[in-house]
Amino acid sequence: MTKSVASANLPEPLVVTLGNLKGGVGKTTSAFFLASYFTTVHELRVLVIDADPLSQTGYSWYRRLLKANVTVPFELIAFPSRHVHDCITDNAGKYDVIIVDAGGESADIFKAAVPSSDELLLVTSVSPSEVKRVPSTYRAAEEAAAESDKAIRVRVLMTKVPVTMKNGVNVSTEYRSQRGNLEDAGYDVFEAYVSAWKWYREAADGEVGDGAENPLEDLGEYRQVGEELIQPYLDAALAPRIPLEVPA
Ligand SMILES: Nc1ncnc2c1ncn2[C@@H]1O[C@H](COP(=O)(O)OP(=O)(O)OP(=O)(O)O)[C@@H](O)[C@H]1O
Ligand SMILES: [Mg+2]
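In this convention, every chain numbers its residues from 1, walking through the sequence in written order. Going through the entries in the order they are written, you letter the chains from A and number the ligands from 1. Only residues with pLDDT of at least 70 get local features here, since the model is predicted, and only at 80 or more are side-chain atom pairs given and counted; chain-wide, interface and lining totals rely on the full set of residues.

**As for the overall build of the chain**
Only DSSP runs of H or I reaching four residues or more are called helices, and only runs of E reaching two or more are called strands; each is numbered from the N terminus. Along the backbone of the chain there are ten helices and eight strands. Relative to the compact-globule value of 18 Å for 248 residues, the chain shows a C-alpha radius of gyration of 18 Å, a close match. Based on the C-alpha atoms only, the size of the chain along its principal axes is roughly 75 × 45 × 35 Å. Put simply, a residue is buried when 20 or more other C-beta atoms lie within 10 Å of its own C-beta and exposed when 12 or fewer do; between those, it is partly exposed, and each C-beta is set from the backbone. Buried positions account for 40% of the 248 residues belonging to the chain. Placing a C-beta atom from the backbone of each residue, one calls two residues in contact when those atoms lie within 7 Å. For the chain, contacts bridging at least 24 residues in sequence account for 81% of all contacts bridging at least 6. A radius of gyration in this sense is built from C-alpha atoms; the matching globule rule multiplies 2.2 Å by the number of residues raised to 0.38.

**Describing the site of ligand 1**
Using a C-beta atom placed from the backbone, a residue is scored as near a molecule or strand whenever that atom is within 6 Å of it. Ligand 1 sits among 21 residues. The nearest are Gly23, Lys27, Thr28, Thr29 and Gly104. The set of elements that each furnish at least two residues to the shell around ligand 1 consists of helix H2 (27–40) and helix H9 (198–205). Per-element accounting of the shell around ligand 1 gives the leading share, four residues, to H9.

**Regarding the nonpolar core**
Within soluble globular proteins, side chains that are nonpolar generally end up buried alongside one another. Here, a nonpolar core means buried Ala, Val, Leu, Ile, Met, Phe, Trp, Tyr and Cys residues linked by C-beta atoms lying within 7 Å of one another. Core analysis: the biggest nonpolar cluster contains 67 residues, and Leu34, Val46, Val48, Val84, Ile99 and Val100 have the highest contact counts within it. The element best represented in this core is H2, accounting for seven residues. Leave out the neighbours within four places in its chain, and Val100 touches Val15, Thr17, Leu18, Ile49, Ala51, Val84, Ala113 and Ser117.

**Quick word on the packing of H2 against helix H10 (residues 222–238)**
Between H2 and H10, whose axes approach to 9 Å, the crossing angle comes to 70 degrees. It follows that H2 is roughly perpendicular to H10 by the angle criterion. In this structure, the crossing between H2 and H10 has a hand that is right-handed. Taken together, the residues of H10 that come into contact with H2 (itself represented by Phe33, Leu34, Tyr37 and Phe38) are Tyr222, Arg223, Val225 and Gly226. Its residues assigned to classes, the contact of H2 with H10 comprises six nonpolar, one polar and one charged. Axis definition: a line fitted to C-alpha atoms, over the contacting stretch in the case of helices. Angles run 0 to 180 degrees between N-to-C directions. Note on terminology: angles under 35 degrees are roughly parallel, angles over 145 are roughly antiparallel, angles of 65 to 115 are roughly perpendicular, and the others are oblique. Whether a crossing is left-handed or right-handed is set by the direction in which the near helix is turned from the far one by less than a right angle, anticlockwise for left-handed and clockwise for right-handed. Think of it as three bins: nonpolar holds Ala, Val, Leu, Ile, Met, Phe, Trp, Tyr, Cys and Pro, charged holds Asp, Glu, Lys and Arg, and polar takes everything else, Gly as well.

**Some details on helix H8 (residues 173–184)**
A turn of α-helix holds 3.6 residues, and therefore any two residues three or four places apart point the same way. Here the expected length of a helix is defined as 1.5 Å per residue gap, with one fewer gap than residues. Given a rise of 1.5 Å per residue, twelve residues ought to cover 16 Å, and the 16 Å separating the end C-alpha atoms of H8 matches this to within 8%. Turning to H8, the residues buried within the fold contact helix H6 (128–131), helix H7 (134–145), strand E6 (153–158) and strand E8 (169–170). Positioned one or two residues after H8, Gly186 has a phi angle of 95 degrees, which is positive.

**Structural notes on the packing of H2 against helix H3 (residues 57–67)**
Closest axis-to-axis distance for the H2/H3 pair is 9 Å, and the angle between their directions is 45 degrees. Here H3 runs oblique to H2, going by the angle between their axes. Note on packing geometry: the crossing formed by H2 with H3 is right-handed. Contacts between H2 and H3 pair Thr28, Ala31 and Phe32 from the former with Thr57, Gly58 and Trp61 from the latter. Its residues assigned to classes, the contact of H2 with H3 shows three nonpolar, three polar and no charged.

**Notes on the sheet that holds strand E5 (residues 119–124)**
Across a sheet, paired strands are connected by hydrogen bonds in the backbone, their directions being either parallel or antiparallel. At least two bridges found by DSSP between two strands is the condition for calling them paired. On the basis of which strands lie adjacent, the open sheet formed by six strands has the order E3-E2-E4-E1-E5-E6 and parallel pairing. Because the sheet does not close on itself, it has two edges, and the strands there are strand E3 (75–78) and E6. Between one strand axis and the next, the sheet turns through 20 degrees on average, direction left out of account. Here strand E2 (residues 46–50) pairs with E3 via four bridges, running parallel. Pairing of Leu47 across the sheet is with Glu75, part of E3. Against the sheet, H2 contacts strand E1 (14–19), E2, strand E4 (97–101), E5 and E6, and its axis sits at roughly 170 degrees relative to E4. Lying on the sheet, H3 is in contact with E2, E3 and E4; it crosses E3 at an angle near 135 degrees.

**Some thoughts on the environment of Thr40**
With respect to the secondary-structure elements, Thr40 resides in helix H2. The class of Thr40 is partly exposed, set by 18 C-beta atoms lying within 10 Å. C-alpha separation for the pair Thr40 and Val194, spaced 154 residues apart in sequence, amounts to 19 Å.

**Concerning the pairing of E2**
Within E2, five of the five residues are buried, leaving the element largely enclosed by the surrounding structure. What you see with E2 is no split at all: Val46, Val48 and Asp50 on one side and Leu47 and Ile49 on the other are buried throughout. In the sheet, E2 pairs with E4 via five bridges, with the strands oriented parallel. Looking at the pairing, Ile49 lines up with Val100 of E4. A crossover links E2 with its parallel partner E3, the connecting element being H3, and its sense is right-handed. By convention a crossover is right-handed if, when the strands point away from the viewer, the path from the first strand over the helix to the second runs clockwise.

Interpretation note: all reported values are geometric properties and have no functional meaning in isolation.
Right, here's the structure in full:
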């Protein structure tokens, strides 16, 4: 564990659920890159739970990497079940970070993961149809969280963001307007976003092994996302503890 994270008072384990009741938004890609962030940058023990009942792309991707003898620094379990919270609890002692890829369409499994989570990332691209699914996903999470006494931080992560840079600012109108919509609706949106890069797509869909690069070795923008993800814990750990003065 690096010093910064060791002193950050991360929950043990830190449970991060990625969700959006809409498929194809970049949940699995985000789960893999964030898992790599925690293992390579902070040397933490990381488990990814593929809880997607529809497309077990995380599981297949992981198998493909292992078969090609690519070093994958984290572990993965396929557990697409409404009992996903048992999977989290049973593995809590063995890992520092558990990332749940809660799949699209199945509200049941997503909702089962929420009460065991510390962090919920609502993943969406800038596509209006996907952004429109954020409130229903949020409501499903809220319902699930009502049954838990654990505090869950909910943030939106924007993926597949088109990039048109001008003076160091991304002026893409799709990006600006959808971010604006989300912020106006009161969502806490990550400052960092994940650009629409072929390179991310090739990470999951491209060649592996036989001299091909290990796509997860370069964290890309997920390094910033990871830093932002743990920032609240760092802030809390650094907050000065002012001795309470008892009035005379
Ligand atoms: N930032 C990105 N830029 C370009 N392509 C991306 C990006 N992120 C993901 N993709 C591609 O988009 C597709 C969907 O991504 P991914 O499988 O991560 O989404 P998902 O939300 O897990 O989808 P599903 O609901 O089908 O499981 C994949 O082909 C992936 O390679
Ligand atoms: Mg997926």
